[in-house]
Amino acid sequence: MARMHHGEVISLDKINKTLNEMGLRNTNLLIVATPPVLTGLTGFGFMFQDLQIEPDSRLPISDATIDSLIKLGETMEDPGAPEFDSKIPSAYTYFGQFLNHEITLETESDKVVDISEGYFAPMTRNDLSQALKNGRTPTLDLDSVYGTATNGWPIPKQCNSLLLGPCAETGNRPQGKGIMNDLRRQPRSDNPDADRKAIIGDARNDENLVISQLHVAFVHAHNTLVAGGRNFAEAKKTLIQHFQWLVIHDFLRRIANPGIVDRVLESGNQFYKPIACDPYMPLEFSAGVFRFGHSMVRMSYNYNEFHTEVGLLDLFDATSFRGDQFKEFEQIPDHWIIDWKRFVDGPNFARRIDTRLVEPLRSLRDSHGSALTGRKASLAVRNLLRGYLLRLPTGQRVARAIGVEVLSPEDLKRTAANPDQAEVLQQSGFLEQTPLWYYILAEASRGETLGPVGSTIVAEVLVGATRISKHSILNEANWYPTLGKEPGVFRLSDLFNLGNGWA
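Quick caveat, the model's predicted, so the values are computed rather than measured. (Residues numbered from 1 in each chain as written. Predicted model: local features only at pLDDT ≥ 70, side-chain atom pairs only at ≥ 80, totals over all residues. Heavy atoms only, no water.)

Draft legend 1. Fine view of the overall build of the protein. The helix and strand inventory of the protein stands at 18 helices and 15 strands. Over its C-alpha trace the protein gives a radius of gyration of 22 Å, about what one expects of a compact globule, namely 23 Å for 503 residues. For the protein, the C-alpha atoms occupy an extent of roughly 60 × 50 × 45 Å along the three principal directions. The 503 residues of the protein split such that 59% are buried. Carbon and sulfur atoms make up 48% of the accessible area of the protein, which amounts to about 19,500 Å² in all. For the protein, the distance from the average position of its 52 positive side-chain charges to the average position of its 61 negative side-chain charges is 3 Å. (Helix = DSSP H or I, 4+ residues; strand = E, 2+ residues; numbered from the N terminus. Rg over C-alpha atoms; globule rule 2.2 N^0.38 Å. Buried < 20%, exposed > 50% of the residue type's maximum accessible area, 1.4 Å probe, protein only. Areas by Shrake-Rupley, 256 points an atom, 1.4 Å probe, with all protein chains shown as cover. Lys, Arg positive; Asp, Glu negative; His and termini not counted. Charge placed at Lys NZ, Arg CZ, Asp CG, Glu CD.)

Draft legend 2. Structural view of the packing of helix H6 (residues 209-227) against helix H10 (residues 312-320). At their nearest, the axes of H6 and H10 sit 7 Å apart, and the two run at 60° to each other. Between H6 and H10, the crossing angle belongs to the class labelled oblique. Contacts between H6 and H10 involve Leu-209, Val-210 and Ser-212 from the first element and Leu-315, Ala-318 and Thr-319 from the second. Of the residues in the contact of H6 with H10, the class split is 4 nonpolar, 2 polar and no charged. (Axes fitted to C-alpha atoms, helices over the stretch in contact; angles between N-to-C directions. Parallel < 35°, antiparallel > 145°, perpendicular 65-115°, else oblique. Contact = heavy atoms within 4.5 Å. Nonpolar A, V, L, I, M, F, W, Y, C, P; charged D, E, K, R; others polar.)

Draft legend 3. View of the side chain of Glu-443. Of note, Glu-443 is situated in helix H16 (residues 436-444). Of the buried charged residues, Glu-443 lacks a salt bridge, with Arg-446 as the closest side chain of opposite charge at 6.7 Å. In this structure the side chain of Glu-443 is engaged in a polar contact, spanning 3.1 Å, whose partner is the backbone nitrogen of Val-453. Every residue in contact with Glu-443, bar those within four places of it in the chain, is listed here: Leu-407, Gly-451, Pro-452, Val-453 and Gly-454. (Salt bridge = Lys/Arg side-chain N within 4 Å of Asp/Glu carboxyl O. Polar contact = N/O pair within 3.5 Å; in protein donor to acceptor, adjacent residues only side chain to side chain.)

Draft legend 4. A look at the environment of Ile-275. Relative to the elements of secondary structure, Ile-275 occurs in the loop between helix H8 (258-267) and strand E11 (280-282). Since its relative accessible area comes to 46%, Ile-275 is described here as partly exposed. Once the C-alpha coordinates of Ile-275 and Arg-467 are considered, the two residues, 192 residues apart in sequence, prove to be 9.1 Å apart.

Draft legend 5. Summary view of the environment of Gly-152. Mapped onto the elements, Gly-152 comes out in the loop between helix H5 (143-146) and strand E9 (157-158). The buried category is assigned to Gly-152, whose relative accessible area is 12%.

Draft legend 6. Quick look at the packing of helix H3 (residues 91-103) against helix H7 (residues 232-255). Close contact between H3 and H7 brings their axes to 12 Å; oriented N to C, the two are set at 130°. Our classification of the angle between H3 and H7 gives oblique. Between H3 and H7 the crossing geometry is left-handed. From H3, Tyr-92, Phe-95, Gly-96, Phe-98, Leu-99 and Glu-102 reach across to H7, where they touch Phe-243, Leu-246, Val-247, Asp-250, Phe-251 and Arg-254. When its residues are assigned to classes, the contact of H3 with H7 shows 8 nonpolar, 1 polar and 3 charged. (Left-handed = near helix turned anticlockwise from the far one by under 90°.)

Structure representation (structure tokens):
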């Protein structure tokens, strides 16, 4: 799938190679690029460090475990039946992806094992700490919007406003939409890693058309605040703080148990306790639990009045400018501007959080659009193998560490998506020792939100990432949002309204 980094990490060598190749003149912005030095990388660690010294807290180290994980991933198939839709609007699927890009970017050295073939053992804790670094700061500060672009160029701005690009005009723009609804882009290039790529703080925010348009909405929102009289710094702080509120009081309360969110806010973090001067990102979150969003992806979307049934792959092809409908354009064609109402008010609802992934996520492509094969082709397989490689504890052991109900083997059997999945769970021993990512999906399938393990880890990390932010709303007494339709409330729909997302 186009520029889809699911289940993969980005090597430091690849980053530096790409940055060097991108050191070219942008004739549109009259800026000469200089590749940045990768500094300030933060670390990954474990929220439950005690489990790392207990061998039976993790999956057995064996070739048979790898074979069983592959078989389990191959059973995680979503046929696309309407009854598996949730009540959560699809905009939150991609807001979760945006949020993940805000706080995690796995960069690796050559020490990290290739999981795409052969057999391997989990990394040692020492090798893992040296080989894996986080290219993002795990704080909610919108550095993907305001930070230096991935290619090393400054974020396009003029005075206090951030700059957008004009969509390519086709005569079929959705009603009420303005032409400035695409990201600023590099010019055409023979190098596919630079060709028409967005100039933004995290290139992954242009890997599909929905998240690309979500990034556009944040830029529009900033510019609306500037138009209202704020300078750049004031607009930035205002938007960051409303983003934090949106994460905690809208997104989190939709996907996690609200009572657990309240507990973390009122009583403080019990398990994830980062400090501002030395933050770390828990692997239980980044490599396990927060990948729950993969199960929320739909097979197709009612995108706007011109595209009422868009296949998932088309959304990735658009921002890669592949295929006859995109390759002739310098910017995204205007008839692909998103209609956010369809992603907030319906008919697009996220799939239920459960142990199924839609078919396109079983048939991934590489960054050039070529079909991947073997283990690389399935997102579920890659997630499961990566969790094994990175020493993730089992779901049962994490549940006990948190002090919540542990799913019994009978519970897990009942939540299996199909008979083949139940059989793999039985034969592999995964009913007693369950991969963490699968466990939190099974736990969530019993209700409308993440279960107690998933809710606790996600709430603690996102609230913790807010607490250590420079502009944290949790460190200002009586802070409340002022930009929503309702007093003291700010939802994702308010962000789109603020950024003229409805019009």
